[in-house]
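Single-letter residue listing:
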Amino acid sequence: MTGWIDWHTYLVLILVGFLPNEVWRVLGLMLARGLDEGSEILVWVRAVATAVLAGVVAQLIFFPAGALAAVPMSVRVGAALCGFLAFLLIRRSVFAGVVVGEAVLLAGALLLVP
Amino acid sequence: MSTPLQPGPSQSTARAFLSGVVAAWTSVFALVLAGSYIGIGALAHDFGFSIGWMTASTLLVWAAPAQVILVSTLGAGAALIEVALAIALSAVRLLPMVVALLPLLRTERTRQRELILPTHFTAISMWVEALRLLPQIPRENRIAYCNGIGLGFMTIACIAGAIGYLLAGRLPLPLAATLLFLTPMAFLVSVIRNSRLMVDRLAFAIGFAVGPLMIWGKVDLALMWTGLIGGTVAHVAARLVARKGRPS
């Protein structure tokens, strides 16, 4: 039974994880000769993808799973805001943004989570 | 100091590959990637996946946003078709990345199958570093160098994913929460950093606002609608602004 469940999760990984993801890389490989990177359709496609990604980030902050769900919403949003501000203020450094956001979240979690 | 700034004499394929691996391991993205994958590993643990499955998803999918969607939607019991659609939408961005990267790698003698590995390795971190570093590499060494960057980053991601997975169950709650927060925090800033055009920034802002509303309203295919609405509105708005700003 466990073996079957395991086999099943790997099949799901290939069908709904690997294939829908890899198809765009393979398409890119096939189109790489003809397509102009600045064309309007690609600008739109990239905007759609960026919006999806933003939705995922927002979902993980506003509707988190696991241990993060135990941290109050105000701490999660405050930490994301502080990290974002640090990123803007400290030479648009991804590292600075992540470190500050994480520090605020950890401090908030230590203070507010029993 | 010995790194040539101009295309230098060609090295052996193995040397080029190894210098690609070193470039990946010494890149700032190694840290962001490690952070993100510690978070994803912890997420995979919390949703009940095995560590082997987590590693396989890194090797096969090799796109942190898609892996976050995959773990959290599958773990939450979403319909498989919705998971596949959400993954496909999140991965569209890989297409223009591959299209922009491959011309840098190709020579007249390059066969299409030599480009399969660099194509699979293409992801945000690898793409940014490859585009930055490839002009310094002799053209005939670029595919090996690029595969080195890709494999270097992938190794870090697999190790970090396993570390996050193993740590997640054993950490006190505040630390576990901090690990899980690495993923949204790292993506928030790195996606904004990579959005140099107004249309991308607008798409991010609209997606960030619309996404939670869709989920809160329990809309079916919430991420797909978030992408289509956010992307289309941003695209139209950016074109309108560009037209207004340009005197005709």
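Residues numbered from 1 in each chain as written. Chains lettered and ligands numbered in written order. Predicted model: local features only at pLDDT ≥ 70, side-chain atom pairs only at ≥ 80, totals over all residues. Heavy atoms only, no water.

### What about the confidence of the model for chain B?
Predicted confidence across chain B gives a mean pLDDT of 87, with 95% of residues reaching 70 or more. Predicted complex metrics record ipTM = 0.82 and pTM = 0.73. (pLDDT = per-residue confidence, 0-100.)

### Description of the domain arrangement of chain B
All names here are of chain B. In terms of domains, chain B is made up of domain 1 (13–191) and domain 2 (195–248). The centre of domain 1, based on its C-alpha atoms, is set 25 Å off from the matching centre of domain 2. In this assembly, 7 residues from domain 1 lie in contact with 8 residues from domain 2. Both sides of the domain 1 and domain 2 interface together cover about 650 Å² of buried area, and 78% of this is carbon and sulfur. Its largest share of buried area at the contact with domain 2, domain 1 owes to Glu82, Leu89 and Val191, together 57% of the area lost on that side. Our count for the domain 1 to domain 2 interface comes out at 0 salt bridges. For the interface between domain 1 and domain 2, the tally reads 0 residue pairs in polar contact (both at pLDDT 80 or more). Mapped onto the side of domain 1 that touches domain 2, the elements with two or more residues apiece are helix H5 (80–91) and helix H10 (173–194). Sort the elements by how many residues they give to the side of domain 1 that touches domain 2 and H5 lands first, with 4 residues. Here the side of domain 1 that touches domain 2 is built from residues that sort into 6 nonpolar, no polar and 1 charged. (Domains from an automatic or database assignment. Contact = heavy atoms within 4.5 Å. Buried area = accessible area lost by both parts, 1.4 Å probe. Salt bridge = Lys/Arg side-chain N within 4 Å of Asp/Glu carboxyl O. Polar contact = N/O pair within 3.5 Å; in protein donor to acceptor, adjacent residues only side chain to side chain. Helix = DSSP H or I, 4+ residues; strand = E, 2+ residues; numbered from the N terminus. Nonpolar A, V, L, I, M, F, W, Y, C, P; charged D, E, K, R; others polar.)

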